[in-house]
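Residues per chain, in single letters:
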Number of protein chains: 2
Amino acid sequence: MNLYDLELSGNCYKVRLFAALAKIPLQIVAVDFLAGEHKQPPLINLNPWGEIPILADGDVVLRDSHAILVYLAAKYGDETWLPKDAAGMAQVVQWLSTSANEVQNGPGAARLVDKFGYAIDKADTLKRSAHILPLIDAHLSRHHWLAMERPTIADCAVMPYVALAQEGAVSLEPYPHIRRWIGRIKELPGFVPMPGI
Amino acid sequence: MNLYDLELSGNCYKVRLFAALAKIPLQIVAVDFLAGEHKQPPLINLNPWGEIPILADGDVVLRDSHAILVYLAAKYGDETWLPKDAAGMAQVVQWLSTSANEVQNGPGAARLVDKFGYAIDKADTLKRSAHILPLIDAHLSRHHWLAMERPTIADCAVMPYVALAQEGAVSLEPYPHIRRWIGRIKELPGFVPMPGI
């Protein structure tokens, strides 16, 4: 099972982190991002979006970090990471949407500007960060984990770009519950870091 | 089962559409959006994000249209709408992420500017629309439906803000496969419209 990967990508790290925590073996295939390998064949044929991560497991080829987390949890993980019942599954999916939208376009995009020079409106990323981080912090003031009162793929999805926020000049200083939650994730058995985390 | 709803919201329409197609009865509770009812108790206690739709089904309270689609499909729908197997479920989830990020922040946000006067950078919404709509059109040039070669919650999630694109001055004229796909959805038994669709 191949993960087409970039070490500095928080989206790729979501998958590496979950696979490490759930003890799912992955073959990491480093993509030459600066050369635009993901924008050319053969990778563009695996993911027409021209993005990574991409997971290829036999005939199954998936783009989007959240879909990959769902696949790995449902196929190789146990139910603690992604509940099979409707209410539990939906509780986790709420956070996958938050990750895909508010976190990606807030702290995630702020980092793209500062660290990689993307032509994104920095003020907009800061505004979005200032909207979503207090909501996450307030949630974590009442819960140790984002969903189900235990670690799930929701934490693996949301944590990376939140923990990397300072690389976009977004401070986590005002958010003590977020900082403690990141600490709890780092203490999970099997945790792996990435540069900046 | 209550859906806290706004008729003009594409996110609320995703849920109304799916419930109609899957014949799942919903009690529609109209929210006074202009008065900010969703930003005040009791609704803000159901969803601290201060957004609608919100689904309340007994003890289960969910924010986020995509999580609500997953819940309704898994609890009350049949497996054709959301596969239970890992690869099928992940194929659908890919499109829920596309809906939450690229579609919401592209044609969805363009409409928020033009129709509701939101202070969002219109040029950014047009750039994002010009990125995602060709990808969706190309996908639909090879498939009749977004996932699984049949209607799923993926179509219910992505279609609304794509079909409403012209309300943000984003033309669907260059995207014949998208237009035909919208037509196919409109022909599904049980289809319900919303203003603009």
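Quick caveat, the model's predicted, so the values are computed rather than measured. (Residues numbered from 1 in each chain as written. Chains lettered and ligands numbered in written order. Predicted model: local features only at pLDDT ≥ 70, side-chain atom pairs only at ≥ 80, totals over all residues.)

Observations concerning the domain arrangement of chain A
All names here are of chain A.
Step number 1: Domain annotation for chain A reports domain 1 (2-75) and domain 2 (86-186).
Step number 2: Taking the mean C-alpha position of each, domain 1 and domain 2 sit 20 Å from one another.
Step number 3: Taken together, the contacts link 10 residues of domain 1 with 10 residues of domain 2.
Step number 4: Elements with a minimum of two residues in the side of domain 1 that touches domain 2: helix 1 (10-21) and helix 3 (65-75).
Step number 5: Among the residues forming the side of domain 1 that touches domain 2, the class breakdown is 6 nonpolar, 3 polar and 1 charged. (Domains from an automatic or database assignment. Contact = placed C-beta atoms within 7 Å. Helix = DSSP H or I, 4+ residues; strand = E, 2+ residues; numbered from the N terminus. Nonpolar A, V, L, I, M, F, W, Y, C, P; charged D, E, K, R; others polar.)

Description of the sheet that holds strand 2 (residues 27-30) of chain B
The strands making up a sheet associate through backbone hydrogen bonding, with each pair oriented either parallel or antiparallel.
Residues and elements named next belong to chain B.
Step number 1: Pairing is mixed across the open sheet formed by 4 strands, whose spatial order is 2-1-3-4. Two strands close off the open sheet at either side, each with one partner strand: strand 2 and strand 4 (60-63). Shown here is a sheet whose adjacent strand axes are inclined to one another by a mean of 20 degrees, direction ignored. (Pairing = 2+ DSSP bridges. Axes fitted to C-alpha atoms, helices over the stretch in contact; angles between N-to-C directions.)

Focus on the interface of chain A and chain B
Step number 1: With 28 residues of chain A at the interface, the matching set in chain B holds 28 residues.
Step number 2: It is helix 4 (residues 86-116) of chain A that provides the largest number of residues to the side of chain A that touches chain B, a total of 11 residues.
Step number 3: Of the residues that constitute the side of chain A that touches chain B, the class distribution is 17 nonpolar, 6 polar and 5 charged.

As for the relation of the copies chain A and chain B
Step number 1: Taken as rigid bodies, chain A and chain B are interconverted by a rotation of 180 degrees and an axial shift of 0.0 Å, the fit giving an RMSD of 0.0 Å. On this basis, the relationship between the two copies can be described by a two-fold rotation axis. No C-alpha of chain A lies nearer the rotation axis than that of Asn-101 of chain A, which sits 2.3 Å from it.
Step number 2: Take the interface residues of chain A: 100% of them recur as interface residues in chain B, which is what a same-surface contact looks like. (Least-squares fit on C-alpha atoms with pLDDT ≥ 70 in both.)

Some thoughts on the pairing of strand 4 of chain B
Residue and element names in this part refer to chain B.
Step number 1: Sheet analysis places strand 3 (residues 54-57) next to strand 4, joined by 4 bridges and oriented antiparallel. Counterpart to Leu-55 in the pairing with strand 4 is Leu-62.
Step number 2: Here strand 3 hands over to strand 4 after 2 residues, with Gly-58 in that stretch at a positive phi of 60 degrees.

Side note on the packing of helix 3 of chain A against helix 4 (residues 86-116) of chain B
Step number 1: In contact at an axis separation of 8 Å, helix 3 of chain A and helix 4 of chain B are set at 160 degrees when each is read in the N-to-C sense. Of the possible angle classes, the one that applies to helix 3 of chain A and helix 4 of chain B is roughly antiparallel. Crossing geometry of helix 3 of chain A relative to helix 4 of chain B is assigned as right-handed. From helix 3 of chain A, His-66, Ala-67, Ile-68, Val-70, Tyr-71, Ala-74 and Lys-75 of chain A reach across to helix 4 of chain B, where they touch Ala-86, Ala-87, Met-89, Ala-90, Val-93, Gln-94 and Ser-97 of chain B. (Parallel < 35°, antiparallel > 145°, perpendicular 65-115°, else oblique. Left-handed = near helix turned anticlockwise from the far one by under 90°.)

Describing the sheet that holds strand 2 (residues 27-30) of chain A
Residue and element names in this part refer to chain A.
Step number 1: Strand order across the open sheet formed by 4 strands is 2-1-3-4, with mixed pairing between neighbours. On the outer flanks of this sheet lie strand 2 and strand 4 (60-63), each paired with one strand and no other. Each strand axis lies, on average, 20 degrees off the axis of its neighbour in the sheet, ignoring direction.

Some details on the confidence of the model for chain A
Step number 1: Confidence in the prediction of chain A, expressed as mean pLDDT, is 97, and 100% of residues score 70 or more.
Step number 2: Predicted as a complex, the structure gets a pTM of 0.98 and an ipTM equal to 0.97. (pLDDT = per-residue confidence, 0-100.)

Quick word on unusual backbone geometry
Step number 1: A cis amide bond links Pro-41 of chain A to the next residue, Pro-42 of chain A, at an omega of 5 degrees.
Step number 2: Assignment of secondary structure puts Pro-42 of chain A in the loop between strand 2 and helix 2 (43-46).
Step number 3: Look at the link from Ile-52 of chain A to Pro-53 of chain A: it is a cis peptide, with omega at 10 degrees.
Step number 4: Along the chain, the position of Pro-53 of chain A falls in the loop between helix 2 and strand 3 (54-57).
Step number 5: Positive phi values are uncommon outside glycine, yet Lys-23 of chain A reaches one of about 55 degrees.
Step number 6: With respect to the helices and strands, Lys-23 of chain A occurs in the loop between helix 1 and strand 2.
Step number 7: If you check the backbone angles, Ala-169 of chain B has positive phi at about 60 degrees while not being a glycine.
Step number 8: Residue placement: Ala-169 of chain B occurs in the loop between helix 6 (153-163) and helix 7 (176-186).
Step number 9: C-beta crowding within 10 Å serves as the criterion here: with 16 such atoms nearby, Ala-169 of chain B is assigned to the partly exposed category. (Buried ≥ 20, exposed ≤ 12 C-beta atoms within 10 Å, placed from the backbone.)

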